[in-house]
Amino acid sequence: MGKWHAQQRCEQLFPLSDCVPSHDWQLSECYDSLQQRSSQCYGSLQQRSFTKNWRLPLALAVAVISIGVLLSIVFLAIRKTTVGASEGAPKKLIHASMPKKKHIAAGPRHHEHGRFSDPTTSTSNRRETGTQERIIGISRSLGRRHHVEWLVQTAFVRVRSQPNFSAKQIGCKGNGSIVFGERHGKWLQLTPERGWMLIEINGHVLLHNRTVNYFQVENGGCAQIGRFPVIDHFACMRAAETLGHGFSSVNLYTGAHLHQEGCYAQYGVVWFVPTSISCRLDNCTQDAQRQPWQPICSSGQYPQWSSSDGFLSTADVKESLVRKDEFARLQQQQQQQQQPPLKCNVLWPATINDFVRAGYGAAIGFFQRFRAYANFSHCRFVVSTNFAVNWMETGLAPFWSEELSDGNFQDSWVSAPLCSSMSWTSNLKPTMVKCMMSPSYLSDAKLMAFIRSHAWPAGSLYLQTIGPRLLTYRQPYDHAYVAIHMRHGDKQLEMASLDQKKRFQASNYLVGLLHFVQETWPHLHNIFIATDDSTVVREASAMATDSLKITFTSNAYRSPGGAPNSQNGNHVNTHTAVAGVLDDQAALALSSVIIGGSDSNFFNVAKALNHAIHRGMPRPRPWCWDAYAQRFCDNDFSNVRV
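*Asks:* How would you sum up the overall build of the protein chain? Please name residues and give values.
*Replies:* Each helix and strand in the protein chain was counted, giving 16 helices and 29 strands. By the burial criterion, 49% of the 642 residues in the protein chain qualify as buried. Here the contacts in the protein chain between residues at least 6 apart in sequence split such that 69% fall between residues at least 24 apart. A total accessible area of about 32200 Å² is found for the protein chain, and carbon and sulfur atoms account for 54% of it.

Written out as structure tokens, the structure is:
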């Protein structure tokens, strides 16, 4: 009954015309009494009307809810039975958003950045309640449909403590890095990391934003739905939060069973598997991924180094050595040329001890480019049996084409002329190099022309030579570390100008270098230092803490202040000193981050070697700092001075 009808009914039952007393006060009391009774009547009718109108809808609602609960129980029981009985069950996924496209992109794993839409549902069937629900075998997490990720577009972008250029630098992100945060004008406030990054400057974009969606696959893998694995740690945290797991649920996996690198859910807990302990995306067995691990995927692709800290295991080193023999390929190409090789033999007696005595960086640099030039010129390297044994016992790979007995080698040596047209060989005195060839067949001028006109594989030659020693070398840490080279002593003799001397001093300032490491790579707390100065060892050891570990090669030869000027060109080259030099070179080559000065041949060789052995391996940037030139040197390999 409506409000107006109820009021009319009550006024008819209790009309005011019934009040006809003789006195005014009695009339007033009568009116009050009738109005009170009329109000009670009205309230009663309204209550009865409410109950009568809603009784049927309420009963229907209760019935619908009861039926829905019953159907849900039956559906879950059937689905559980179906999944348990067949491994070929339809793929099920939990996803953080449902974009508008209606088809799954079945493109290659590492090309497309499309979006996924479940073809079994339509927009009209979606209820954006912000909670997870199951519709036709798909469990989805609805809410914000798209999620913003920021990519570093330039070589690197600094992370600062505050949104201004004068603020302290607390980190650095290299090209291709993925970051998350909230935009404030031209600055991005990072989350969950700490700090601010500049988005653009003078119209030049430093950070580019992209929109992605996240999915959780209950049965299958990311490639099967045309998506990409989440191999970035912070992206894994963001995806976990979006899918209802939360930031705190993400754990770093350190178990014994191998899994593909990426982000996984297991019983409400999210595991992130980094590259260093994974079976790698392209080298995993069928049982590497098994229930109840559920991969978390993204519509966007991540750089392959996203889940890596740059650390190389022994298996990684072996893999790198096997597939990077560019020098062998160069030899094969030269052998296939139609021009018949001319007769040219290089009699080589210079040992690794001779290299260290003359200056290891300069000597090994000349040797490798001379190897490439001689091979290009169809020349053979000839050594004695005794030389071959000593060379390989040091842990270095053979480079020669022919090995003669000591007697036969000596006979050839006596009759052969010096390589007088190759002037650098005089730096190996008293050990000399002889060449059996026509006059000036090999020369300094032709060598320089070869270097200018051919992209000879410098790093691969270093890698081929020192490869066996790298395989047996015990790294200073069992995880990522920063390697710093500090050259003191007689190196100062080469600094002629005042500017060179200032650069040299700045590039070898220990406190400044350690401070730079903490600003640029705040996540790395393990430092290795290669130096010829025993004073640096003492000072650095005093600076080491529980959170900043510093170590050195124990058998390296060092002097206070570095190698004395009197040893320039005539360094200590005992077997122990040689072992120390090679161990320093190995530690620099295998480091995740390498720091040194381009004024040093030793550092330039280590830098090229580091680049060669990590090439093709996942590694974040920046990873190289030239302290002498004061710039990052990740891609500085075309002009490596050796």
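*Asks:* Explain the pattern of salt bridges to me, and be specific about the residues and the numbers.
*Replies:* On inspection of all chains with the given rule, the structure shows 8 salt bridges. Linking E149 and R210 is a salt bridge whose minimum nitrogen-to-oxygen distance equals 2.8 Å. Taken as a pair, E149 in strand β4 (residues 147-152) and R210 in strand β13 (residues 207-212) lie far apart in primary sequence, 61 residues in all. Assigned by exposure class, E149 and R210 land together as buried. Residue R238 is joined to E241 by a salt bridge in which the shortest nitrogen-to-oxygen separation is 3.8 Å. Of this pair, R238 and E241 both sit in helix α3 (residues 233-242), 3 residues apart, which is roughly one turn of the helix.

*Asks:* How would you explain α3 if you had to name every residue and give the values?
*Replies:* In terms of residue burial, α3 counts as a mostly covered element, since 7 of its 10 residues are buried. Those residues of α3 lying buried are A235, C236, M237, R238, A239, A240 and T242.

*Asks:* Please provide a residue-by-residue account of the environment of A627, values included.
*Replies:* Locating A627 in the fold gives a position in the loop between β28 (624-626) and β29 (631-632). According to the relative accessible area criterion, A627 is buried, its value standing at 2%. Sequence-wise, A627 and R503 are 124 residues apart; in three dimensions their C-alpha atoms are separated by 8.2 Å. Setting aside anything within four residues of it in sequence, one finds A627 in contact with S507, L513, G596 and G597.

Conventions used here
- Along each chain, numbering runs from 1 in the same order as the chain's sequence is written.
- Local features in this predicted model are restricted to residues of pLDDT 70 or higher, and side-chain atom pairs are both shown and tallied only at a pLDDT of 80 or more, whereas totals for entire chains, interfaces and linings draw on every residue.
- Side-chain figures throughout are based on the complete set of non-hydrogen atoms in the structure, without hydrogens or water.
- Secondary structure elements follow DSSP: runs of H or I of four or more residues count as helices, runs of E of two or more count as strands, with numbering from the N terminus.
- Summary of the burial criterion: residues with accessible area below 20% of their type's maximum are buried, those above 50% are exposed, and those between are partly exposed, where the area comes from a 1.4 Å probe applied to protein chains only.
- Whether two residues are in contact is decided by their heavy atoms: any pair within 4.5 Å suffices.
- All accessible-area figures derive from a Shrake-Rupley calculation using a 1.4 Å probe, and residue coverage is judged against the displayed protein chains alone.
- One speaks of a salt bridge when a side-chain nitrogen belonging to Lys or Arg is within 4 Å of a carboxyl oxygen belonging to Asp or Glu.

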